[in-house]
Amino acid sequence: MKDLKMYINGRFCESRSGEWIDVINPSTEEVVSRQPSGTVADVEEAIAAAEKAQVEWAKIPACERAQYLKKMAQGIRDNFDKFQEILVREQGKTQALAATEVGVTAEYFDYMASFARHIEGEIIQSDNRGETMLLEKVPCGVAAGILPWNFPFFLIARKAAAAMIAGCTIVLKPSQLTPENCCEFCKIVDESGLPAGVFNVVTGRGSVVGNAMAASPKIGIVSLTGSVEAGVKIMEAAAPNITKVSLELGGKAPVIVCADADLELAAQAVLDSRIGNSGQICNQAERVYVAKEVKTAFTDLIVEKFKAVKVGDPAVMKDADMGPLVERRALQSVSAKVDNAIRQGAKLLCGGHRIGDKGFFFEPTVLDNCRQDMDIIHEETFGPVLPLVEFDGLDQAIEWANDTEYGLASSVFTKDLDTAARVCRELKFGETYINRFHFEAIQGFHAGVKKSGIGGADGKHGLEEYLNTHVIYYQSRY
């Protein structure tokens, strides 16, 4: 078993508490490491270091800051197998998805480094003779990044790379379920020669570490990826200081399969978008509305594909399509949601049960005969469960798709351009995918509406989350 370290002000350390939190392999239920249980004092030390370092870090030209990001990208590539193995062990990712996450994380650091010469301001026309108005983009200070467990490694880059290229320093809190990848990454940061205090990591419980980060008056922005409940708590903690928040929260993404859709394409895309990461992705297909004309044919296809999914410990089954859920509570939650759906009238077509008695594995599950008023249609499942709803007419499908408190991702499958255009106009979501699976691009802008969050990440708009505007009025005497 490995003892992990926090990283504060350029040094590896344990917590003042002297306490530890175990990390469990979700495939075997074995303790694989333990992390320091961080305290408020640990957080304050990290923030103080970040605040001090930010003054000089912001003075460094962005093209020089970019060189550190490129070193980190290369460090990830040099340790590719190590990070892939960690993700498989502590989060239960398949080998293929873990490899994708490691690769994209390195790519993201390089991508954000490319913005070094593209952080731009404006010259604004003044109403006054002899006056020049300038608008510049400046770093918002110290950033607090609270990471999720479902893509724990990639989210380091999504938060830290954008913050650092913008001229911010950062304090990160990894999920207590998946901290090892972040603690291991600190070694790459240390080897890069990054100035002390620019990048800090405090491990521990969200109720202690996350809350202390969000509540600090020294934080310029707090960025959280997590549940709606966690987002509410972060907003409450940040409110007294009017601290800027950027929140990526839950989702209940609808899929509309029209009568003219390519059913094989739709079924494969829905499968890929439902079982990926064992159904634990916020913008995955969470509910499918199928035109009554093709309902039977689509249902047959999707059930066949779900039954063919290979489930197992990804460390042993190298070609597994799906691993375990992340923890016992997740297993219990998904199982309870399926049982409740059946009680409310859903028909179980496949799956529906835990696999074995060791590890948190759940069968890929398809539920038919679902109705719009069922809990399974409105509550985020976050597991490999697919409810099917038949619709009669596009008006009904769009109305039902929008009938949710979430607003992150959505999709439509159709061969008709007018239908696709109408759906995109009328769906109330941050993302809409047409004839493809749900997965965002790093050059886009991953953002939701309603309870799916505030602000967003990726691309130039994601970078601007970490920038404030400063308008300068210069009155010439001549």
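Below is a short write-up of the structure. (Residues numbered from 1 in each chain as written. Predicted model: local features only at pLDDT ≥ 70, side-chain atom pairs only at ≥ 80, totals over all residues. Heavy atoms only, no water.)

**A few points about unusual backbone geometry**
In this model, F382 sits at a positive phi of 55°, which is unusual for a non-glycine residue. Within the element layout of this structure, F382 appears in the loop between α12 (375-378) and β17 (385-391). Despite not being glycine, K450 shows a phi value in the positive range, around 55°. (Helix = DSSP H or I, 4+ residues; strand = E, 2+ residues; numbered from the N terminus.)

**Notes on the sheet that holds strand β18 (residues 409-413)**
One open sheet accounts for seven strands, arranged β15-β16-β17-β14-β13-β18-β19; its pairing is mixed. Only two strands of the sheet have a single neighbouring strand rather than two, namely β15 (347-350) and β19 (431-434). Each adjacent strand pair in this sheet contributes to an overall mean axis angle of 25°, direction not counted. Pairing of strand β13 (residues 253-257) with β18, which is carried by three bridges, proceeds in the parallel orientation. Its bridge partner lying in β18, V257 is registered against F413. (Pairing = 2+ DSSP bridges. Axes fitted to C-alpha atoms, helices over the stretch in contact; angles between N-to-C directions.)

**Concerning the packing of helix α9 (residues 263-275) against helix α10 (residues 295-307)**
α10 packs onto α9 with a crossing angle of 45° between their chain directions and a minimal axis gap of 9 Å. Between α9 and α10, the interaxial angle falls into the category oblique. Our pair here, α9 against α10, has a crossing hand that is right-handed. Taken together, the residues of α10 that come into contact with α9 (itself represented by L263, E264, A266, A267, Q268, V270, L271, R274 and I275) are A297, F298, L301, I302, K305 and F306. (Parallel < 35°, antiparallel > 145°, perpendicular 65-115°, else oblique. Left-handed = near helix turned anticlockwise from the far one by under 90°. Contact = heavy atoms within 4.5 Å.)

**Some thoughts on helix α14 (residues 417-426)**
What α14 keeps buried is the set T419, A420 and V423. In a view along the axis of α14, the buried residues occupy a sector of 100°, so they form one face of it. Along α14, the residues that are exposed and aim more than 90 degrees away from the buried face are L417, D418 and R425. Where α14 is buried, its residues touch β13, α13 (394-402), β18 and β19. Its side-chain oxygen at 3.3 Å from the backbone nitrogen of D418, D416 defines the N-terminal cap of α14. (Buried < 20%, exposed > 50% of the residue type's maximum accessible area, 1.4 Å probe, protein only. Arc of directions from axis to C-beta. Polar contact = N/O pair within 3.5 Å; in protein donor to acceptor, adjacent residues only side chain to side chain.)

**Let's talk about the pattern of salt bridges**
This structure, assessed with the given rule, holds 32 salt bridges. One salt bridge connects D110 with R77, and the closest N-O pair in it is separated by 2.9 Å. Here R77 lies in helix α2 (residues 62-78) and D110 lies in helix α4 (residues 95-113), a separation of 33 residues in the sequence. For the salt bridge of E180 with R89, the shortest nitrogen-to-oxygen distance reads 2.6 Å. Here R89 lies in helix α3 (residues 80-91) and E180 lies in helix α6 (residues 180-191), a separation of 91 residues in the sequence. Overall, the relative accessible area of 1% leaves E180 in the buried class. (Salt bridge = Lys/Arg side-chain N within 4 Å of Asp/Glu carboxyl O.)

**A word on the packing of aromatic side chains**
Scanning the entire structure with this criterion turns up 13 aromatic pairs. When the centroid spacing of 6.3 Å and the interplanar angle of 20° are considered together, the rings of F437 and F439 count as stacked. Taking the relative accessible area as the measure of exposure, F437 reaches 37% and is therefore partly exposed. Classification of F439 as partly exposed rests on a relative accessible area of 29%. (Phe/Tyr/Trp six-rings, centres within 6.5 Å; stacked < 30°, edge-to-face > 60°.)

**Brief notes about the sheet that holds strand β21 (residues 467-475)**
A sheet is described by the order of its strands in space; here three strands give the open sequence β6-β7-β21, paired in antiparallel fashion. In the strand order of this sheet, the two ends are held by β6 (122-124) and β21, each with one partner. Ignoring which end each strand starts from, the neighbouring axes of this sheet average 25° apart. Pairing of β6 with strand β7 (residues 131-139), which is carried by three bridges, proceeds in the antiparallel orientation. The residue bridging E122 from the neighbouring strand is L135, located in β7.

**Some details on the environment of I342**
Following the sequence through the fold, I342 ends up in helix α11 (residues 328-343). The sequence separation of I342 and D418 amounts to 76 residues, and the corresponding C-alpha distance is 37 Å. Those residues in contact with I342 that lie beyond four places of it in its chain are L348 and L367.

**Description of the side chain of K337**
Mapped onto the secondary structure, K337 falls in helix α11. According to the relative accessible area criterion, K337 is buried, its value standing at 19%. Sequence-distant contacts of K337, that is, excluding residues within four places in its chain, are made with I376, E379, E380 and T381.

**Section: the environment of C168**
Summarising the element assignment, C168 is placed in the loop between α5 (154-166) and β9 (169-173). When its relative accessible area of 0% is taken as the criterion, C168 is described as buried. Separated by 25 residues in the primary sequence, C168 and A143 have C-alpha atoms spaced 6.4 Å apart. Apart from the residues within four sequence positions on either side, C168 is in contact with Q54, W57, P139, C140, G141, A163 and Y466.

**Comments concerning α2**
For α2, spanning 17 residues, the distance from its first C-alpha to its last is 24 Å, which sits close to the expected 24 Å at 1.5 Å a residue. Within α2 the residues assigned to the buried category are A62, R65, A66, Y68, L69, M72, A73, G75 and I76. (Expected span 1.5 Å × (residues − 1).)

**Quick notes on the packing of helix α7 (residues 206-215) against helix α8 (residues 228-238)**
Contact geometry of α7 with α8 gives a least axis separation of 7 Å together with a crossing angle of 40°. Taken together, the axes of α7 and α8 are oblique relative to one another. Here the hand of the crossing between α7 and α8 comes out right-handed. Along its contact with α7, which presents G210, N211, A214 and A215, the element α8 presents I234, A237 and A238.

These figures capture arrangement, not role.
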